[in-house]
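# Observations on the three-dimensional arrangement
The primary structure of each chain is shown beneath.
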Amino acid sequence: RLPAAASFLGAIVAVWWLGRRVLTPIAGGLAAILLATHPVVEHVAVAGRPYSFGLLLGVLAMQCCADLRRERPTWLRLAAWILVNLALIQTHYMFAALWAAEFVWLLWPDGTPHLSAKQFAGSWAILLLLSLSVTPGLLRVWDHRHLLNWPTRTPVLAALESLALP
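Structural notes, computed from the coordinates.

What counts, and at which threshold
Residues numbered from 1 in each chain as written. Predicted model: local features only at pLDDT ≥ 70, side-chain atom pairs only at ≥ 80, totals over all residues. Heavy atoms only, no water. Disulfide = S-S within 2.5 Å. Buried < 20%, exposed > 50% of the residue type's maximum accessible area, 1.4 Å probe, protein only. Helix = DSSP H or I, 4+ residues; strand = E, 2+ residues; numbered from the N terminus. Arc of directions from axis to C-beta. Contact = heavy atoms within 4.5 Å. Core = buried A, V, L, I, M, F, W, Y, C linked by side-chain atoms within 4.5 Å. Salt bridge = Lys/Arg side-chain N within 4 Å of Asp/Glu carboxyl O. Axes fitted to C-alpha atoms, helices over the stretch in contact; angles between N-to-C directions. Parallel < 35°, antiparallel > 145°, perpendicular 65-115°, else oblique. Nonpolar A, V, L, I, M, F, W, Y, C, P; charged D, E, K, R; others polar. Patch = residues over 30% accessible without salt bridge, like charges linked within 9 Å, V, L, I, M, F, W, Y side chains within 5 Å. Areas by Shrake-Rupley, 256 points an atom, 1.4 Å probe, with all protein chains shown as cover. Left-handed = near helix turned anticlockwise from the far one by under 90°. Expected span 1.5 Å × (residues − 1).

### Quick notes on the state of the cysteines
- Under the defined criterion, the tally for this structure stands at 0 disulfides.
- The thiol of Cys 64 is unpaired, and the distance to the nearest cysteine sulfur, on Cys 65, comes to 7.4 Å.

Written out as structure tokens, the structure is:
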């Protein structure tokens, strides 16, 4: 359980750092406090499962994205982003959902230095090729799709959905 708890503590610091760099120091502090005090995250962190390590890697992957967005994209930054994402997907295949957010964030136009089309396509191609080893796990997500239907599994969400979509 010690590696999971250490990863959770590292994730708190990484969330603070990411929030501070991307938004403001106050936002980073509030995000770190929210993560540190959230009971579900805390419970998962001390359970000895890979999720807290995945949380840390996910935050680091978003930090790499932030670096690619704010700084001039270099091959070293791209390599760091690819390596962190490969470690993330090897932790658990469900973390592949974070790739969609990263994909959109890297393409979002806002006047900051962007990846060239060659860098963007090449880095995603490398990432996808190197993560072929988890393809069977990603295909298993379809077998567990009933678990992703949150409104039917959680009565509170079902009630909120009925209010929002009468």
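The rest of the description comes next.
### What to know about helix 6 (residues 97-107)
- Looking at helix 6, one finds that the buried residues are Trp 99, Glu 102 and Leu 106. For helix 6, the buried positions fall inside an angular range of 60° around the axis, keeping them on one side.
- Tucked into the core, helix 6 has its buried residues touching helix 4 (51-70), helix 5 (75-91) and helix 7 (117-130).

### Thoughts on the nonpolar core
- Core analysis: the biggest nonpolar cluster contains 20 residues, and Leu 68, Trp 81, Leu 106, Leu 115, Trp 124 and Leu 127 have the highest contact counts within it.
- Counting residues in each nonpolar core, the second largest holds 13 residues, with Ala 11, Ile 12, Ala 14 and Val 15 among its members.

### What to know about the pattern of salt bridges
- Inspection of every chain in the model, using the stated rule, returns 1 salt bridge.
- A salt bridge links Arg 21 to Asp 67; the shortest N-O distance between them is 2.6 Å. Of this pair, Arg 21 sits in helix 1 (residues 2-22) while Asp 67 sits in helix 4, placing them 46 residues apart in sequence. Summarising the burial analysis for this pair, Arg 21 and Asp 67 share the class buried.

### Notes on the packing of helix 4 against helix 6
- Running from N to C, helix 4 and helix 6 cross one another at 10°; their axes reach a closest spacing of 10 Å. The pairing of helix 4 with helix 6 is recorded here as roughly parallel in orientation. Judged by residue contacts, Gly 58, Ala 61, Met 62, Cys 65, Ala 66, Leu 68 and Arg 69 of helix 4 engage Leu 98, Glu 102, Trp 105, Leu 106 and Leu 107 from helix 6.
- Partitioning the contact of helix 4 with helix 6 into residue classes produces 9 nonpolar, 1 polar and 2 charged.

### Notes on a nonpolar patch on the surface
- Taken together, the side chains of Phe 103, Val 104, Leu 107 and Trp 108 present a nonpolar region at the surface, about 400 Å² in accessible area.
- If you trace the backbone, Trp 108 turns up in the loop between helix 6 and helix 7.

### Describing the packing of helix 4 against helix 5
- Two elements in contact, helix 4 and helix 5, have axes whose closest approach is 9 Å; the angle formed by their N-to-C orientations is 160°. As the angle between them shows, helix 4 and helix 5 are arranged roughly antiparallel. For the pair helix 4 and helix 5, the sense of crossing is left-handed. For the pair helix 4 and helix 5, the contacting residues are Phe 53, Gly 54, Leu 57, Gly 58, Leu 60, Ala 61, Cys 64, Cys 65, Asp 67 and Leu 68 in the first and Arg 77, Leu 78, Ala 80, Trp 81, Val 84, Asn 85, Ala 87, Leu 88 and Thr 91 in the second.
- When its residues are assigned to classes, the contact of helix 4 with helix 5 shows 13 nonpolar, 4 polar and 2 charged.

### Some words on the environment of Leu 68
- Positionally, Leu 68 belongs in helix 4.
- Note on Leu 68: relative accessible area 1%, which makes it buried.
- Expressed as a C-alpha distance, the spacing of Leu 68 and Leu 78, which sit 10 residues apart in the sequence, is 7.5 Å.

### Considering helix 5
- With 17 residues, helix 5 extends 24 Å between its outermost C-alpha atoms, agreeing within 8% with the 24 Å of an ideal straight helix rising 1.5 Å per residue.
- Looking at helix 5, one finds that the buried residues are Leu 78, Trp 81, Ile 82, Val 84, Asn 85, Leu 86, Leu 88, Ile 89 and Thr 91.

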